[in-house]
Amino acid sequence: MLSDRRKKALMKLAAAEPSAEAWRTLCERLSKLKRAEVSSDLLGDLDAQMGDRWPDSLRATMCGMKWDEDMLAGRHDPRHLLVRTLRYDKYFSGRYTGLMIRSPDHVAGSIARSKAPQHWTQLRSIRLSHQNLSDADVRAIAKAPLPHLRHLALTDISVAALEAICQAPWAKQLEDLSFNIKGDGDAAFMALAEAPFERLNKLYVGDTKPRETGAERFAQSKQMPALTSLSFGSVPLSASVLRALSTGLHALRELSLYKCNVNAQRLHALLEDTHLSLCELRLDINPLGDEGARVLAAFGDGIESLSMDRVGMTDNGMEALASSPKLRRLKSLKMCKGWGETRENKLTGRGLTALLDSAYLSHLSELELEGSFESIDGGLLGGLEALVLRGAGAGIDFGRLGRALGSGLRRLELSDCGMDAAGADALFERLIVEELETVKLSKNRLGAVAFGRLQHAPKLNALHLDHCGLGADDIAPLLESHARPERVYLDHNPLGDEGVMRLAASPFISETLHLGLNETGVTCRGAVALAHSPHMERAERVFLENNQIGDEGALELAKRVKRGGGWMNVTLYNNDYGAEAEAVLKKTPPRCCP
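Quick look at the structure, then. It should be emphasised that the depicted structure is a prediction, and the values quoted were computed from it without experimental measurement.

**Notes on the overall build of the chain**
Moving on, step 1. A count of helices and strands for the chain gives 21 helices and 21 strands.
Moving on, step 2. Each of the three principal axes of the chain carries a C-alpha extent, and together these read 70 × 65 × 40 Å.
Moving on, step 3. Every one of the 594 residues in the chain was classed for burial, and the buried ones make up 55%.
Moving on, step 4. Taking the intrachain contacts of the chain between residues at least 6 apart in sequence as the baseline, contacts between residues at least 24 apart amount to 74%.
Moving on, step 5. Carbon and sulfur atoms make up 48% of the accessible area of the chain, which totals about 24,300 Å².
Moving on, step 6. Positive and negative side-chain charges in the chain, numbering 75 and 78 respectively, have mean positions lying 6 Å apart.

Take a look at the structure:
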């Protein structure tokens with residue numbers, strides 16, 4: 001019989017503000033109870049207390065814990081009734097050792113053999129990524145009683161497996177379906193066209209090649225009236241296929257064509273049909289070039305969000321976009337350069353100036369660009385809520401930029417922009433910070449910066465200062481500031497133990513959830529200071545990879561984790577500790593493999 005005190009403690013966690021920390025703590029405490037103490041009444045009370053306040057994505061199986069294997073192996077546990085999302089990914093982060101990789105052979109065939117899906121009746125979301133799912137595994141899921149299932153993501157499945165999903169008794173209630181197919185793309189689209197979907201509004205298809213016949217059947221299917229979001233990943237799409245999709249899916253509002261070999265001619269085939277009313281269009285990694293930009297300028301009516309990373313655009317294409325009255329509703333524009341690819345965007349100050357002085361893009365509020373910009377100026381800067389510029393190069397007048405940006409700015413990223421301490425001081429002396437939530441100045445050699453008005457930013461939530469050459473003395477103005485960000489990333493700076501000890505003693509990190517200190521020269525002294533910091537009670541993730549904390553530092557951090565109160569994930573990869581410390585780390589819940 002569970003004592004009233006212990007039940008009240010569990011109910012308090014269920015009533016807490018939903019967070020990954022609260023969910024993990026609740027599950028760990030439930031795991032410690034004896035089977036007889038876990039009554040249906042207790043679970044029902046906890047479930048009622050959590051209610052709809054808790055997102056399904058939080059109420060998930062937790063990577064690295066025994067719960068994952070139990071649910072997949074059919075070892076039913078009444079505690080599973082609180083889980084809403086079954087997540088079993090090939091790639092996941094362990095608590096101490098950073099990125100881990102599960103063998104996909106661990107899953108292959110096990111779902112069908114164990115008949116585990118018969119116990120998944122409470123699930124609303126299933127995500128099994130990059131696992132060797134057999135057709136029998138998928139058929140077992142398709143036949144299972146899943147009355148609440150709304151979201152399903154499976155990768156590397158066959159056409160036969162997809163057909164089983166499409167004919168599942170719960171298919172009509174699916175709202176979100178994601179899959180990568182092995183086999184005939186046309187057959188896959190035929191299966192989708194015949195499926196009894198009634199609520200499906202979001203679909204992702206990866207790694208296949210449909211032909212016009214399947215695409216037409218799919219687009220004209222009466223089962224797809226509610227589809228508003230469609231994404232393709234690494235799916236070569238011909239002009240005829242794109243035309244078929246555009247003429248049938250009139251409710252579509254979001255379309256993503258990632259690496260789909262879409263050129264200007266094929267984009268024209270997609271957009272020339274006036275029945276298609278897209279609000280969001282993603283065209284990343286396609287050979288569009290400047291001609292593709294001209295197609296958008298001519299047929300981009302109604303588009304509010306546009307992403308064109310690595311499409312081979314130059315200033316000429318940017319000028320075409322900036323001069324188009326068809327794009328007057330555009331609110332968000334993203335164009336990243338790419339890394340040594342043949343389709344690298346090549347933008348300079350000429351294209352940026354044309355954009356920021358456009359007479360038509362007055363609604364633009366989010367701008368993300370990468371290029372060689374010798375200046376940043378234009379009338380639209382004052383209306384931006386988010387500005388992201390990478391690799392802009394030296395010569396920028398950061399003080400002038402700070403004056404030009406308006407009071408509504410929420411996110412500012414100027415990474416690898418040739419900024420030094422003088423430039424940063426000029427920026428922060430003029431920047432309006434009342435609404436500022438995120439600042440990222442990565443890969444600038446800042447050194448000793450005063451940080452100016454940033455010290456008093458009331459809403460600052462995330463601060464990225466990695467690779468900035470900051471030493472122990474350089475972060476002193478921040479540690480004395482009034483800012484209390486939830487995410488602080490100081491990775492790859494020569495802070496040393498002195499800097500980390502000052503950080504651990506500062507209320508600056510009292511609200512911090514994620515703290516990045518990878519490769520900062522931390523040894524045992526700094527690790528011990530973090531472990532005993534009175535200001536890190538809210539910390540959930542602490543990143544300490546590539547340091548020299550040794551055995552004593554690792555053991556002190558392990559003790560801190562065992563005390564509870566956060567500290568869900570501490571990454572200590574490559575930290576010069578021995579076998580004894582490693583054994584202790586493995587035994588500290590949740591267990592994870594080296």
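**Points about the environment of Lys326**
Moving on, step 1. Here Lys326 shows up in the loop between helix H13 (315-322) and strand E12 (332-335).
Moving on, step 2. Sequence-wise, Lys326 and Leu361 are 35 residues apart; in three dimensions their C-alpha atoms are separated by 9.7 Å.
Moving on, step 3. Ignoring any residue separated from it by four or fewer positions in sequence, one finds Lys326 in contact with Ala297, Ala298, Gly300, Asp301 and Gly302.

**A closer look at the side chain of Ser158**
Moving on, step 1. Along the chain, the position of Ser158 falls in strand E5 (residues 151-158).
Moving on, step 2. At 2.6 Å, the side chain of Ser158 forms a polar contact with the side chain of Asp135.
Moving on, step 3. Apart from residues no more than four positions distant in its own chain, Ser158 is found in contact with Asp135, Ile181 and Lys182.

**Overview of the pairing of E5**
Moving on, step 1. Alignment of strand E4 (residues 125-129) against E5, held across four bridges, turns out to be parallel. Each bridged residue has a counterpart across the sheet, and for Ser125 the counterpart in E5 is His151.
Moving on, step 2. Each parallel crossover has a hand, and for E4 linked through helix H6 (residues 135-143) to E5 it is right-handed.
Moving on, step 3. With six bridges joining them, E5 and strand E6 (residues 176-182) adopt parallel strand pairing. Bridging from a neighbouring strand, His151 pairs with Asp176 of E6.
Moving on, step 4. In this view, the connection linking E5 to its parallel neighbour E6 by way of helix H7 (residues 159-166) has right-handed handedness.

**What about the environment of Gln223?**
Moving on, step 1. Topologically, Gln223 is positioned in the loop between helix H9 (212-219) and strand E8 (229-233).
Moving on, step 2. For the pair Gln223 and Pro196, spaced 27 residues apart in sequence, the C-alpha to C-alpha distance is 6.1 Å.
Moving on, step 3. Dropping the residues within four chain positions of it, Gln223 is found in contact with Ala193, Ala195, Pro196 and Phe197.

**Examining the pattern of salt bridges**
Side-chain pairing between opposite charges can occur once the charged atoms of the two side chains come close.
Moving on, step 1. Tallied over the full model, the rule gives 31 salt bridges.
Moving on, step 2. Salt-bridge contacts for Glu37 lead to Arg6; the nearest nitrogen and oxygen are separated by 3.3 Å. Placement of Glu37 in the loop between helix H2 (20-31) and helix H3 (40-50) and of Arg6 in helix H1 (residues 4-15) is noted, with a sequence separation of 31 residues between them.
Moving on, step 3. Note that Arg243 is salt-bridged to Glu272, the shortest N-O span being 3.4 Å. Here Glu272 lies in the loop between helix H11 (264-271) and strand E10 (280-282) and Arg243 lies in helix H10 (residues 239-248), a separation of 29 residues in the sequence.
Moving on, step 4. The class of Arg243 is partly exposed, set by a relative accessible area of 38%.
Moving on, step 5. Judged by relative accessible area, which is 34%, Glu272 ranks as partly exposed.

**Some details on the packing of H1 against H2**
Each pair of packed helices gets described by two things: the angle between the helix axes and the distance between those axes.
Moving on, step 1. Contact pair H1 / H2: the axes reach a minimum separation of 9 Å and the direction vectors enclose 155°. One element, H1, and the other, H2, form an angle in the roughly antiparallel class. Between H1 and H2 lies a crossing of left-handed hand. Residues Ala9, Leu10 and Leu13 of H1 pack against Ala22, Thr25, Leu26, Arg29 and Leu30 of H2.
Moving on, step 2. Of the residues that constitute the contact of H1 with H2, the class distribution is six nonpolar, one polar and one charged.

**Notes on the packing of H13 against helix H14 (residues 349-356)**
Moving on, step 1. Remark: H13 packs on H14, axes separated minimally by 8 Å, with the N-to-C direction vectors making an angle of 5°. By the angle class used here, H13 and H14 are roughly parallel. Counting all contacts with H13, which are made through Asp315, Asn316, Met318, Glu319 and Ala322, the residues of H14 involved are Arg350, Gly351, Ala354 and Leu355.
Moving on, step 2. Partitioned by chemical class, the residues of the contact of H13 with H14 number four nonpolar, two polar and three charged.

Each value, and the rule that gives it
Residues numbered from 1 in each chain as written. Predicted model: local features only at pLDDT ≥ 70, side-chain atom pairs only at ≥ 80, totals over all residues. Heavy atoms only, no water. Helix = DSSP H or I, 4+ residues; strand = E, 2+ residues; numbered from the N terminus. Buried < 20%, exposed > 50% of the residue type's maximum accessible area, 1.4 Å probe, protein only. Contact = heavy atoms within 4.5 Å. Areas by Shrake-Rupley, 256 points an atom, 1.4 Å probe, with all protein chains shown as cover. Lys, Arg positive; Asp, Glu negative; His and termini not counted. Charge placed at Lys NZ, Arg CZ, Asp CG, Glu CD. Polar contact = N/O pair within 3.5 Å; in protein donor to acceptor, adjacent residues only side chain to side chain. Pairing = 2+ DSSP bridges. Right-handed = clockwise from strand over helix to strand, strands pointing away. Salt bridge = Lys/Arg side-chain N within 4 Å of Asp/Glu carboxyl O. Axes fitted to C-alpha atoms, helices over the stretch in contact; angles between N-to-C directions. Parallel < 35°, antiparallel > 145°, perpendicular 65-115°, else oblique. Left-handed = near helix turned anticlockwise from the far one by under 90°. Nonpolar A, V, L, I, M, F, W, Y, C, P; charged D, E, K, R; others polar.

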